[in-house]
Amino acid sequence: MSQDAPTDTGAVDAAQLAALAAGRCQDPFAILGPRQGWLRVYAPGALAVEALDGDGMRTPLREQAQGLYAGRVDHARAGDGASYRLAIRWPDAEQITADPYAFGLLLDEATLEALAQGSWHAAGEALGARLVDIDGVSGLRCAVWAPNARRVAVVGDFNGWDTRRHGMRLRHRAGVWEIFIPGVRPGERYKYAITDAGGLQRLKADPHARRSEAPPDTASVVDDPAPYAWNDEDWMRQRGARQSPGAPLSIYEVHAGSWAAPAGGACLWDQLADKLPAYARAMGFTHIELMPVMEHPFGGSWGYQPLGMYAPTARHGPPEAFARFVDRCHQAGVGVILDWVPAHFPDDAHGLARFDGSALYEYEDPREGYHPDWHTLVYNLGRTEVKAFMIASALHWLGRFHVDGLRVDAVASMLYRDYSRQPGQWIPNRYGGRENLEAVQFLQDLNGAVRQDHPDAIMVAEESTAWPGVTAPVAEGGLGFHYKWNMGWMHDTLRYLAHDPVHRKHHHHDITFGMVYAYSERFILPLSHDEVVHGKGSLLAKMPGDLTARLATLRAYLGFMWAHPGKKLLFMGGELAQPAEWNHDAALDWNLLDQPGHHGVQRLVADLNRLYQALPALHATDADPAGFAWAVLDDADNSVVAFVRGDGRSHLLAVSNFTPVARHGYRIGVPRAGRWAEALNTDAADYGGSGQGNLGGASTGDTPAHGQPQALSLTLPPLSTLFLLHEG
């Protein structure tokens, strides 16, 4: 093809050239690409550039200025990325590629409108970097929300991290910048070079990145779009019933990086998949709850200060390895719940903080936007685009990774504008109150979206206050969660057990008070990681006395917990009676199992889970007050409590003696006459106890007690909990 002499149509004025060369051009699509038969290409550092037609015929472009090549190319058509290709000769190689500036608009008007209106489905599908085919060309479609930026460019391995290249197009309707970059492959790193209104340029990771570099590196990574081939059809079909209020739910909380010592440089998710699901199943746990696996810069935050809200942390392996882990859990009959953090985010320079030079994701005023407890930034959930970003993240984990539920972290910090703030350090809501109305609406919308898109998944709230209706339906003014952590029960009972047994009678209220509000929400009883760090001591260390007494008290407490209404959660290491606090930099001390007392606690937890699943009386009526009745409520002097659990067909009596004194001939009124079999005794020799008990069970006598026409006469071993099942 002959090339005519340049005309004004192919020329670029000095100001435009200077902006291109300085990486300041705000609208490169107005200059580069095909225009009225002319083609302009900006390739700083190239030795030559040619345009190729469909037959491979080459048309040389002339270097108009440093890095800017132009020429007459009649077959180059705007909006048709397949109408020509570029041959760019770099000092070390020739690159054959389609031209990013040949492609038309990427996001249609309906998508832009949906983004502007805060559609979380549009945010999840349209934003971020995705490998797609456009006009028959494979490449990376990038879209990022940065409405206040002066300019945005994509930089990465594919362009030498040159901020002058791959400037994006602003779609004003939604404040979204877009570009399609041909030829990018999975695994290549990238960031956004964002120039703010004042001219300052920042390199930012992609908020919607589905894969990231392993810290301390901070780039986003192009994800492989190939779908994972799941093998969990049976689990997914049944999980709704497995997670219902009437089902047994026993959760093993795990920090993936410290459950066991990693083996060399092998992928941690694959190592865990070989051991953890089988262990959890053998222990009788129904679910594993993982502390946050979203990418986070600081390992010491345990994941609770995440920035990669769509990307599993690269510390443990690629996204497909995390999918394999979840799949293996499901094949073992074990569910997976993720901790998820929508309350706040760290201010690392590569993250969301002042993303486009403005307070985009966070509140501008530090009285709203800065969290004094964690020195982090607070999401502005009243902004529709931020709410959509967060809800799309939740749906991403539930959808792509088949996760069975999310435990939403720090809900109390979201609900109250004055949370951990002194007078004058917070801004009231529009009615003058302390409630964060935007956060309330967000949580309701979040739970509504999950129920609509994943109706058999569960949402769990870590909420430590008396906010009403956390698990009530949104239609009734509630927040719409399925379950709430019962933090009050945990604090009260641990405080009770920390007292010397001789003093417990003065604090009897702490062990019984949980039943006053047990049915105000659907509760999970948590013994979580938060209770075994920061100088609080391990569960075992919280118990007074020598090692024998501490082990016995812990066993009695676990028995009491498993009998008490509410689903169960135990942090890893609790089943080992680990003496030391949890250390995220070290694996659990599995060698403790060589000691009979510690092995006994592990065996007890497995048996508790076995009975919990096998006996509907222990789980079917967790949310129904008809399934619980006190038998002994007020025996503070002996530190004894007893209650009956039932499901309408069976009855189980649980009796706890929280003193080191055995009680012989202790009479307890029960609702049914006949024999009651001793289904579990935490003082059994198999668990490391003294072996005292009731020789397998007891039968009722005719003497009334505790308002019942018959009673059992029992031996209550020291520091123990008994389960007695009515046999008839």
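The name an unreviewed UniProt entry gives the chain is 1,4-alpha-glucan branching enzyme GlgB, with Achromobacter pulmonis as the organism.

Enquirer: I'd like a description of the sheet that holds strand β2 (residues 38–42), backed by residues and values.
Expert: In any sheet, the strands associate via hydrogen bonds between backbone groups, in a parallel or an antiparallel arrangement. Judged by pairing direction, the sheet is antiparallel, and its seven strands sit side by side in the order β1-β2-β5-β4-β3-β6-β7 without closing on themselves. Of all strands in the sheet, those with a lone pairing partner are β1 (33–35) and β7 (94–97), marking the two edges. The sheet shows a mean angle of 25° between the axes of neighbouring strands, direction not considered. Pairing analysis gives five bridges linking β2 to strand β5 (residues 68–72), with the strands arranged antiparallel. Bridge pairing in β5 places tryptophan 38 opposite arginine 72.

Enquirer: I'd like to hear about the UniProt feature "domain: Glycosyl hydrolase family 13 catalytic" (unreviewed entry) in the chain, residue by residue, with values.
Expert: Mapped onto this numbering, the UniProt entry gives "domain: Glycosyl hydrolase family 13 catalytic" (unreviewed entry) at residues 253–619. Here residues 253–619 is 35% helix and 13% strand, with 19 Å between the C-alpha atoms at its ends.

Enquirer: Talk me through the pattern of salt bridges; I want residue IDs and the actual numbers.
Expert: In total, this model carries 40 salt bridges according to the counting rule given. The salt bridge partner of aspartate 339 is arginine 407, with a shortest N-O separation of 3.2 Å. Of the two residues, aspartate 339 is situated in strand β20 (residues 335–340) and arginine 407 in strand β24 (residues 405–408); the sequence distance between them amounts to 68 residues. Both residues of the pair, aspartate 339 and arginine 407, count as buried.

Enquirer: Go over the nonpolar core with me, naming the residues and quoting the values.
Expert: In terms of nonpolar packing, the biggest core is built from 184 residues, with Phe322 and Trp340 touching the most fellow members. Top element by residues in this core is helix α8 (residues 384–400). It accounts for ten residues. When neighbours within four sequence positions are excluded, phenylalanine 322 is seen to be in contact with Trp269, Leu290, Val293, Pro312, Leu338, Trp397, Phe401 and Val403. Residues Val640, Ala642, Val644 and Val670 belong to the second largest nonpolar core, which totals 17 residues.

Procedures and definitions
Residues numbered from 1 in each chain as written. Predicted model: local features only at pLDDT ≥ 70, side-chain atom pairs only at ≥ 80, totals over all residues. Heavy atoms only, no water. Pairing = 2+ DSSP bridges. Helix = DSSP H or I, 4+ residues; strand = E, 2+ residues; numbered from the N terminus. Axes fitted to C-alpha atoms, helices over the stretch in contact; angles between N-to-C directions. UniProt positions renumbered as here; feature names shortened; annotations may be inferred. Salt bridge = Lys/Arg side-chain N within 4 Å of Asp/Glu carboxyl O. Buried < 20%, exposed > 50% of the residue type's maximum accessible area, 1.4 Å probe, protein only. Core = buried A, V, L, I, M, F, W, Y, C linked by side-chain atoms within 4.5 Å. Contact = heavy atoms within 4.5 Å.

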